[in-house]
Structures are given as structure tokens and as C-alpha cells.
Amino acid sequence: MPVSALNSQVVYDALKANGIRLLSVLPETWLVHLVSLAEEDPEMVLVRLAKEEEGVGISAGAYLAGVKSAMLMQNHGLLASINGIVSLAQLYRIPLLMLVSQRGGFGEEHPWQTEGGGVTEHVLDALRIQYMTLDEPGHVATRVRQAMALAEASLRPVALLLCRGLMWED
Amino acid sequence: MLRVDALRAIYPELSRCIVVTNMGAAPAELFSLGHQPGFFYVWHSMGLASSVGLGIALSRPELQVVVVDGDGSLLMNLGSLTTLARYRPANLIHLVFDNEVLLSVGRSFTTATATGSDLAAIATASGVPRTGTCRTEEELRQAFTGALAAQELACLVAKVEPQGPPSYFIDLHYLESRFEFQRHLRRLAAPPMAGDREGDRR
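Residues numbered from 1 in each chain as written. Chains lettered and ligands numbered in written order. Predicted model: local features only at pLDDT ≥ 70, side-chain atom pairs only at ≥ 80, totals over all residues. Heavy atoms only, no water.

> How would you explain the sheet that holds strand 1 (residues 18–21) of chain B if you had to name every residue and give the values?
Residue and element names in this part refer to chain B. A sheet is described by the order of its strands in space; here six strands give the open sequence 2-1-3-4-6-5, paired in parallel fashion. Of all the strands in the sheet, the pair left with one neighbour each is strand 2 (39–41) and strand 5 (130–134). Pairs of neighbouring strands in the sheet enclose a mean axial angle of 15 degrees, with direction left out of account. Alignment of strand 3 (residues 65–70) against strand 4 (residues 92–98), held across six bridges, turns out to be parallel. The partner of Val65 across the bridge, within strand 4, is Leu92. Those strands touched by helix 1 (residues 3–14) are strand 1, strand 2, strand 3 and strand 4, and its axis lies near 165 degrees from that of strand 4. Where helix 2 (residues 25–33) meets the sheet, its contacts fall on strand 1, strand 2 and strand 3, and the angle it forms with strand 2 comes to roughly 150 degrees. (Pairing = 2+ DSSP bridges. Helix = DSSP H or I, 4+ residues; strand = E, 2+ residues; numbered from the N terminus. Axes fitted to C-alpha atoms, helices over the stretch in contact; angles between N-to-C directions. Contact = heavy atoms within 4.5 Å.)

If you want it as C-alpha cells, here you go:
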């Protein structure tokens, strides 16, 4: 499978370096290595979701309870979580770190991913959620740290888009 | 059974727990019985109270967490029952007040529990180890104290009348409550003070 194991490790290491102790996940192809890494890590609480919006609630609870967490999902999962993001994370000023695989961009071969790929950044803009792309391993550590800092300073959700260049070995 | 009477019947125990509620009548009635710093009212993001409770329960296994939910809210996030059952936090009780309507918009919009959907049976089938349906204050009190003592994940459905409080207003802004609740959980994480009574549920 040409999902990059090496770069998945880089992303996982960055999460760990920032004190993330709980990951709520709804997996997709690009995220399989990240999920395995979390599963094998005794220090990480991995919560497998039925639907992504649950993860907003779980992360909010974890944050209020003093545990740093992140959500790991596909961009279509972000679309499925919007009310939770707006009515819980934004309304209640929760610093929510969302790692979102950006399917449906240049190079995408699956037709069913393409609509979501085209709207994800517009939706983030409409929600006034600041985001950055992760498209090569060199900037992952810095951007994850910066995303976490902004989330905690602003008490708002932030997003990192896991892009094809990082996650997929074409 | 009225929801406020049901809440009153278990208030002594609730007041010592971390309580996360849904929106609407339940938080207003719980607040009217006496607010505690360990009570958190999730206004508006319907369905997510159980997920917030799960996040707290997994993060802080030493705290007893109670989620106060409703039939309409739970039906919006039914998958949450399967996630709760999957991780089975021993420190979480999911209490669902089932009045068979979306009460805050009137009594005309019934939920699927009015036509036979059985939330306790759904919880059982999801894998929640301890479930039950209560129709009187005494039944609820027994089931609730039993679940606290058992120290395992429970889902208790309390059938209540479709009647709410005179007002849904509570004199506590949601942001004030959010910061107070977070501070309370942080303080509970500190080493116990000499005056703390042994055996208190938090």
C-alpha cells in the first residue's frame, strides 16, 4: 500500500511531541499507519468513532478534563462534524486540533472523493477556522506545534490538512 | 414520573458526581435543584453530551461521570452508544430521560420512542453491560445507586412525562459554566487536601 509509513511516523511523532494523549479517529486509507501507531502506543488512548462528530465531543471532554487530544479524520468527516464544531468547539471556546486528510485534490483517482476535495478549504474559511497544509515531512513538526499553540491561545479549532504529497507515495 | 422529581430523587448522589447534561429542560431543572461546580450543561450541540462525558470518563478514570441525556438528543447520536459500549468506561452512567417528544418545541413532535423504539434495548444490543428502564422515582433511585456501586458502564432510561420547567433560563452563562467546570476538574486533579472526606464520589 503506497501510504507513506515514514511520513505517518513523522506526523505521529509530532503529535506525541506536543503532548497529545488521546486520538479520536475514523479511519480511511491514508490514515491506516497513523491508527496503527496509536494502537501500538500504550501512552495513547485511541477512540474509534462511529461518526466523526462524536470526536468533537470526546475532544471537548478530554480538554476540559485536562488531557490534550486530536481528531484524525478524512475531509468528508470534517464535513460530517460541522454542527459539533460550530455548536460545541466554537461556541464553548474549545481548542480542537483536527488532522484532516485532504482527499480529492490533484492526483485523486477516486471520483467519489472529488467533490469533498473541492469544498474543504472553502468550508474551513467559512467557519473561520485557521488551517495549514502538511505536504512534506520537513515542516510537519513545526506546523503541528504552531497549530497546537494557536488552538490553545485562541481557544478555537484549528485544522491541519494532510495532503497527498505527504501521505501518498505516487 | 416528572423529570424534576426523578432528578430530585438522585440529587444527593448527582451532586457528588461530574455531571454533563444535554440542552433544554434537564439542565434547567437540575440547575433549579442546586448548581454544583461539577455540573456542565451542553447547550445546543444536540447529541454530543454523551461524547463529552466519554471524553471526560476516559481522561479521568478516578472521576464518576454521569451523562444526563434525552431521547431526542440520544437519537441524534445513536452511534455514541456503540462507542460507549466499545470502550466501556467503568466510571460512566448514561441517564436518558425519555419523554417521547422534542419538548422544547412543544409536544407535537414525537420521537421514535413514542412509536416503540426502546432505547434501553438499543443500549443492551450495543453492548452496554448494565441497562434498565425506570418508571418511578424509587425504581430510578435503586437503579442509579446500584449502577454507582457496580462500577461498570450503565445506561438507564427513565420514562418521564412530557412536562418541562416554567422557564428554561438559567442564571449562568454557558461560558462562565465552561470555565468554572474546567477549573473544578483541574482542582480535583490536585493532590487531595487534608480535609477531603474519604469515599466522596467526584
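> An account of the side chain of Asn7(A) is requested, with residue identities and associated values reported.
All names here are of chain A. Among the structural elements, Asn7 can be located in helix 1 (residues 5–17). Note on Asn7: relative accessible area 12%, which makes it buried. Those residues in contact with Asn7, other than ones at most four positions away along the chain, are Pro137, Gly165 and Leu166. (Buried < 20%, exposed > 50% of the residue type's maximum accessible area, 1.4 Å probe, protein only.)

> Which residues make up unusual backbone geometry, and what are the values?
Residue and element names in this part refer to chain B. Its identity is not glycine, yet Arg88 carries a phi of approximately 45 degrees, on the positive side. Residue position: Arg88 is located in the loop between helix 5 (79–87) and strand 4. With a phi close to 55 degrees, Gln151 is a non-glycine residue in the positive phi region. Considering the arrangement of structural elements, one finds Gln151 in the loop between helix 7 (137–150) and strand 6 (154–159).

> Describe helix 6 (residues 119–126) of chain B, naming the residues involved and giving the relevant values.
All names here are of chain B. Burial in helix 6 covers these residues: Leu119, Ala120 and Ala123. Summarising the axial view, the buried residues of helix 6 lie within an arc of 105 degrees, below the 170-degree limit, and thus occupy one face. The inward-facing, buried residues of helix 6 abut helix 4 (71–76), helix 5, strand 4, strand 5 and strand 6. Where helix 6 begins, the capping side chain belongs to Asp118, and its oxygen is found 3.1 Å from the backbone nitrogen of Ala120. Count one or two residues on from helix 6 and you reach Gly127, which has phi positive near 110 degrees. (Arc of directions from axis to C-beta. Polar contact = N/O pair within 3.5 Å; in protein donor to acceptor, adjacent residues only side chain to side chain.)

> Any chance you could break down the packing of helix 1 of chain A against helix 2 (residues 32–40) of chain A for me, citing the residues and the numbers?
Residue and element names in this part refer to chain A. Contact geometry for helix 1 and helix 2: axes closest at 9 Å, N-to-C directions at 50 degrees. Our classification of the angle between helix 1 and helix 2 gives oblique. As for the relative orientation of helix 1 and helix 2, their crossing is right-handed in sense. On helix 2, the residues touching Ala5, Ser8, Gln9, Val11 and Tyr12 of helix 1 are His33, Leu34, Leu37 and Ala38. Residues that form the contact of helix 1 with helix 2 fall into these classes: six nonpolar, three polar and no charged. (Parallel < 35°, antiparallel > 145°, perpendicular 65-115°, else oblique. Left-handed = near helix turned anticlockwise from the far one by under 90°. Nonpolar A, V, L, I, M, F, W, Y, C, P; charged D, E, K, R; others polar.)

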